[in-house]
Every structure is written in structure tokens, then in C-alpha cells.
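Fold and geometry: a report
One-letter residues, chain by chain:
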Amino acid sequence: MALMQISEPGMSSESAISKKLTLGIELGTTNSLIAFKNGKKVSLIGDETGDALIPSVVHFPENGSVIVGENAKNKLNIDPLNTVSSVKRLIGRGKKDLLNKSNFFPYKFDLSDDRFLKVETRKGIFSPVEISSEILKFLNNRALEFLKRDIDGVVITVPAYFDEAQRQATKDSATLAGMKVLRLLNEPTAAAIAYGLDLQEEGTVAVYDLGGGTFDISILRLVKGVFEVLATGGDASLGGDDFDLLVSDWIIHELGFNYALDPHELRELAEVACEAKEALTYSDSTHISLFGRSGQLTRETMGELFKPLIEKTLRSC
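Treat the numbers as computed from the prediction; the structure is a model and nothing was measured.

Another aspect to go through is the nonpolar core. Ile 25, Ile 131, Leu 136, Leu 139 and Ile 156 are the most contacted members of the largest nonpolar core, which has 38 residues in total. Of all the secondary structure elements, the ones that give two or more residues to this core are β1 (22-27), β2 (31-38), α2 (128-147), β11 (153-158) and α3 (164-176). Per element, the largest residue contribution to this core is seven residues, and it comes from α2. Other than its neighbours up to four places away in sequence, Leu 136 contacts Ile 25, Leu 27, Ile 156, Ser 173, Ala 174, Ala 177 and Met 179. Counting residues in hydrophobic clusters, the runner-up holds 21 residues, among them Ile 217, Ile 288, Leu 290 and Leu 297.

This is the structure we're talking about:
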């Protein structure tokens with residue numbers, strides 16, 4: 001039986017918030033989102049400037065408390081050794097998982113424990129669970145400030161292809177952030193619900209979810225409003241970061257950089273590569289300039305670069 005929602009005098013029915021309040025969190029590799037349901041309407045909670053898309057970046061400053069979000073993202077090029085991004089790719093991972101992935105991370109790792117990766121910063125050594133918890137703390141605090149009331153629990157989306165270690169690490173991050181995790185919801189299922197597919201009577205849907213650091217393909221069958229997951233596939237270490245790395249490698253080769261880049265240069269290279277990839281969404285070619293050298297990248301060339309990764313996703317499909 002559904003509970004009736006009552007609005008007090010002076011409040012519209014849309015602004016009345018039910019007694020129990022649960023937050024939905026998309027803890028993404030690149031960006032994160034936090035939302036709550038107000039009546040029938042889902043509302044996103046933004047950062048201090050109102051931007052709902054919050055970069056999943058954590059900066060450890062020389063003085064003061066940890067910085068998260070857009071302000072942390074602004075430190076990526078300035079202080080790369082103490083600014084952590086794409087931590088979702090590290091959560092629940094060990095030293096062997098870092099092989100051939102070092103170009104993603106221009107900061108230092110503590111590899112003294114074979115089972116778990118840790119990141120060295122000026123503030124100390126932190127696990128991916130602890131770094132992720134800083135993002136979740138930031139999201140939780142923003143929700144508390146916005147809603148001005150306690151939160152009863154959270155539902156966090158995770159890649160369908162996350163293994164048990166990665167799921168448990170995500171829960172641990174939330175617990176460390178002071179959150180009560182009600183459920184981990186697979187991202188493809190969340191996407192299907194967000195598109196309103198749960199309102200259909202029945203049907204079979206394929207959800208192709210290529211994110212910043214993970215890839216999922218899920219086949220969902222809807223029967224009388226209930227989703228049944230028929231099959232999942234994917235790669236928990238394949239995403240937009242890998243596409244950016246291919247563009248970065250192309251830039252290094254094309255512009256003739258024959259020396260090892262330092263952490264600051266690696267960050268700048270990654271930023272230029274990402275900007276070029278995004279520019280080719282709208283243009284057939286884009287100009288690239290880096291450290292006094294320049295070149296031209298075409299959409300056709302980028303397509304050839306990306307073909308092996310696209311084919312990798314199709315094999316999972």
C-alpha cells in the first residue's frame with residue numbers, strides 16, 4: 001500500500017519530501033552524481049556553483065582539508081602527484097592489476113602489499129577505498145546542506161561486471177564516509193530505469209554502457225514491471241580513459257616526443273588528448289598543440305585508433 005504524501009501549508013505537493021529519504025549516487029570514474037526523489041520528480045544536487053556533474057577527483061593540499069570536485073580537478077596539472085582521478089579503476093585492485101596501466105596514473109604508488117594498491121601523497125598513504133570515501137563524503141555533505149535533514153540511506157550504482165572485491169570496496173568507501181548502503185544497483189539496470197523502461201509491460205533490452213573506466217553489456221528482460229538480468233558481460237578495466245590513452249600515444253608518436261614525460265607533462269598530455277577526442281565529436285579534424293609542437297588529428301584516424309577497443313566491446317556483446 002502506498003503511503004499518502006502530505007504537504008504542509010505553504011508547501012507545494014512537489015516540494016514535499018517524504019519522511020524517509022534515500023539518496024541515489026552514481027559514483028563514476030570521471031564524474032559523480034547525487035539525486036533524491038521528491039514526489040514523482042527526481043532532483044539532482046549540485047556543488048557550490050550548482051553544477052550537478054561533480055568530477056571524481058580528490059586533491060590533497062599542503063595545508064587544510066582534502067578538496068573534492070571541480071576545485072580538485074583544477075589542481076590536476078598544477079599538482080599531479082597529490083591529485084587523484086579515476087580512482088574507481090583502482091578500487092578492489094591489487095599490484096598485478098597495475099601492470100601496463102601506469103600511464104593512467106602520474107602519481108606514486110605504495111606497492112608494499114601485493115593485495116591492495118595504495119597512493120602516496122603529501123598527506124600520507126591512502127587506499128582507493130579511503131580516496132573514494134572522500135568523494136562520497138563530499139556528496140553526502142552537499143546533500144545534507146541542500147536538504148537540511150538527515151539521510152536514511154543510499155543506493156550506489158556499480159558496474160555490472162564489478163567482482164565481489166570491487167563491490168565490497170565500494171560499500172566500505174560508503175561506510176567510511178558515514179553512509180548507510182541500502183543497495184548496490186548495477187549501472188545497466190539503473191540506466192534502463194532512468195529511461196523509463198521499467199514502465200513498459202514487457203520486453204527484452206540490451207544496455208551497452210561504456211563509461212570513463214568500465215564497460216558493461218547487459219541483457220535485461222522485463223516481465224510485469226520486474227527486471228530479470230539474463231546475462232552480463234564486459235570489462236571492468238575498459239573505458240574512456242583507455243581511448244584517451246590511445247590518443248595520447250598517437251600525439252607522442254606524431255609530434256615526435258622521444259623522452260619520458262614527467263608527471264606534470266603527463267597530466268597536460270592527457271588533458272589535450274581528451275579535448276581532441278571530444279572536439280572530433282563535432283568536427284572532422286582538430287588542431288593539437290603541446291609543448292611547442294603541433295599537429296592535426298582527424299576523425300578518420302581516431303576511428304582507426306579506437307577500432308581495437310570497439311571490437312573488444314563487441315566481442316563481449
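There's more to say after this.
Going residue by residue along strand β16 (residues 285-290), you find Thr 286, Ile 288 and Leu 290 tucked away on one face and Ser 285, His 287 and Ser 289 left uncovered on the opposite face. Relative to strand β17 (residues 293-298), β16 is paired through six bridges, and the arrangement is antiparallel. Residue pairing across strands places His 287 opposite Gln 296, the latter belonging to β17. Where β16 hands over to β17, the hairpin turn is made up of two residues, of which Phe 291 adopts a positive phi near 50°.

Packing of helix α5 (residues 240-254) against helix α6 (residues 263-279) brings their axes to within 8 Å, and their N-to-C directions diverge by 105°. Considering their axes alone, α5 and α6 lie roughly perpendicular with respect to each other. Every residue of α6 that contacts α5 at Gly 240, Phe 243, Asp 244, Val 247, Ser 248, Ile 251 and Ile 252 is listed here: Leu 269, Ala 270, Val 272, Ala 273, Cys 274 and Lys 277. Grouping the amino acids of the contact of α5 with α6 by side-chain chemistry returns nine nonpolar, two polar and two charged.

Moving on, we come to the side chain of Arg 93. The topology assignment puts Arg 93 in the loop between β7 (83-85) and β8 (108-110). Those residues in contact with Arg 93 that sit more than four places away from it in its chain are Arg 115, Phe 116, Leu 117, Gln 166, Ala 236 and Ser 237.

With that settled, consider the pattern of salt bridges. This model, assessed by the stated rule, comprises twelve salt bridges. With a closest N to O distance of 2.8 Å, Asp 79 and Arg 122 form a salt bridge. Of this pair, Asp 79 sits in the loop between α1 (70-73) and β7 while Arg 122 sits in the loop between β9 (118-121) and β10 (124-126); the two residues are 43 residues apart in sequence, bridging distant segments of the chain. Note that Glu 228 is salt-bridged to Arg 221, the shortest N-O span being 2.8 Å. Judged by its relative accessible area of 34%, Arg 221 is partly exposed. Salt bridges sharing partners connect three or more residues here, namely Arg 89, Asp 241 and Asp 242.

Given two aromatic rings, their pairing is described by the distance between the two centres and the angle made by the two planes. Evaluated as defined, the whole model comprises five aromatic pairs. Here Phe 36 and Phe 146 contribute two aromatic rings whose centre-to-centre distance is 6.1 Å and whose plane-to-plane angle is 55°, an arrangement assigned as tilted. On the criterion of sequence distance, the pair formed by Phe 36 in strand β2 and Phe 146 in helix α2 is long-range, its members being 110 residues apart. Of the residues examined, Phe 146 reaches a relative accessible area of 47% and is grouped as partly exposed. The side chain of Lys 88 reaches across the aromatic face of Phe 162, ending 6.0 Å from its centre.

This part is about the pairing of strand β13 (residues 202-210). As judged from the nine bridges shared by β13 and strand β14 (residues 215-223), these two strands associate in the antiparallel manner. Bridge pairing links Tyr 208 to Ile 217 in β14.

When the terminal C-alpha atoms of α2 are compared, their 28 Å separation across 20 residues agrees well with the 28 Å that a helix rising 1.5 Å per residue should span. Looking only at α2, the buried set comprises Pro 128, Ile 131, Ser 132, Ser 133, Ile 135, Leu 136, Phe 138, Leu 139, Asn 140, Arg 142, Ala 143 and Leu 147. Among the residues trailing α2, Lys 148 stands out with phi positive, at a value near 55°.

Restricting attention to buried positions, one finds in helix α4 (residues 187-194) the residues Glu 187, Pro 188, Thr 189, Ala 190 and Ala 192. For α4, the elements touching its buried residues are β1, β11, β12 (181-186), β13, β14 and β15 (226-235). Within two residues after α4, Gly 196 carries a phi angle of roughly 80°, on the positive side.

Take a nonpolar patch on the surface next. A surface patch of nonpolar side chains, about 340 Å² in accessible area, is lined by Tyr 208, Leu 210, Ile 310 and Leu 314. Contributions of two or more residues to the nonpolar patch are made by β13 and α7 (299-316). Considering the arrangement of structural elements, one finds Leu 314 in helix α7.

What follows covers the packing of α2 against α3. Contact geometry of α2 with α3 gives a least axis separation of 8 Å together with a crossing angle of 55°. Overall, the two elements α2 and α3 adopt an arrangement that is oblique. For the element pair α2 and α3, the recorded crossing hand is right-handed. Touching Pro 128, Val 129, Glu 130, Ser 132, Ser 133, Leu 136 and Lys 137 of α2 are Ala 169, Asp 172, Ser 173, Ala 174 and Leu 176, all from α3. Across the contact of α2 with α3, the residue classes tally to six nonpolar, three polar and three charged.

Criteria and thresholds
All residue numbers here refer to positions counted from 1 along the written sequence of the relevant chain. Local features in this predicted model are restricted to residues whose pLDDT is 70 or higher, and side-chain atom pairs enter the listing and the counts only when it is 80 or higher, whereas totals over whole chains, interfaces and linings include all residues. Calculation of side-chain values draws on the structure's entire complement of heavy atoms; hydrogens and water are dropped beforehand. We call a set of buried residues a nonpolar core when its members are Ala, Val, Leu, Ile, Met, Phe, Trp, Tyr or Cys and they connect through side-chain atoms within 4.5 Å of each other. Partly exposed residues are those whose accessible area sits between 20% and 50% of the maximum for their type, while under 20% is buried and over 50% is exposed, using a 1.4 Å probe and protein chains only. Only DSSP runs of H or I reaching four residues or more are called helices, and only runs of E reaching two or more are called strands; each is numbered from the N terminus. Whether two residues are in contact is decided by their heavy atoms: any pair within 4.5 Å suffices. Pairing between strands is defined by DSSP: at least two bridges between the two strands are required. Each axis is a line fitted through C-alpha atoms, and for a helix only the stretch in contact is used; angles between axes span 0 to 180 degrees, taken between their N-to-C directions. Throughout this description, any angle smaller than 35 degrees is read as roughly parallel, any larger than 145 degrees as roughly antiparallel, any in the 65 to 115 degree range as roughly perpendicular, and the remainder as oblique. In the scheme used here, Gly and all other residues not listed as nonpolar or charged are polar, with Ala, Val, Leu, Ile, Met, Phe, Trp, Tyr, Cys and Pro taken as nonpolar and Asp, Glu, Lys and Arg as charged. A pair is scored as a salt bridge if a Lys or Arg side-chain nitrogen falls within 4 Å of a carboxyl oxygen belonging to Asp or Glu. Stacked, edge-to-face and tilted labels apply to pairs of Phe, Tyr and Trp rings (six-membered ring for Trp) whose centres lie within 6.5 Å, assigned for plane angles under 30 degrees, over 60, and everything in between, in that order. To sit over a ring, a charge needs its Lys NZ or Arg CZ within 6 Å of the ring centre and within 35 degrees of the ring normal. Multiplying 1.5 Å by the residue count of a helix minus one yields the expected span of that helix. Residues with no salt bridge and a relative accessible area higher than 30% make up the patches, which join like charges within 9 Å and nonpolar side chains (Val, Leu, Ile, Met, Phe, Trp, Tyr) within 5 Å. Every accessible area reported is derived by Shrake-Rupley at a probe size of 1.4 Å, with residue values counting cover from the shown protein chains alone. The hand of a helix crossing depends on one turn: near helix anticlockwise from the far one by less than a right angle means left-handed, and clockwise means right-handed.

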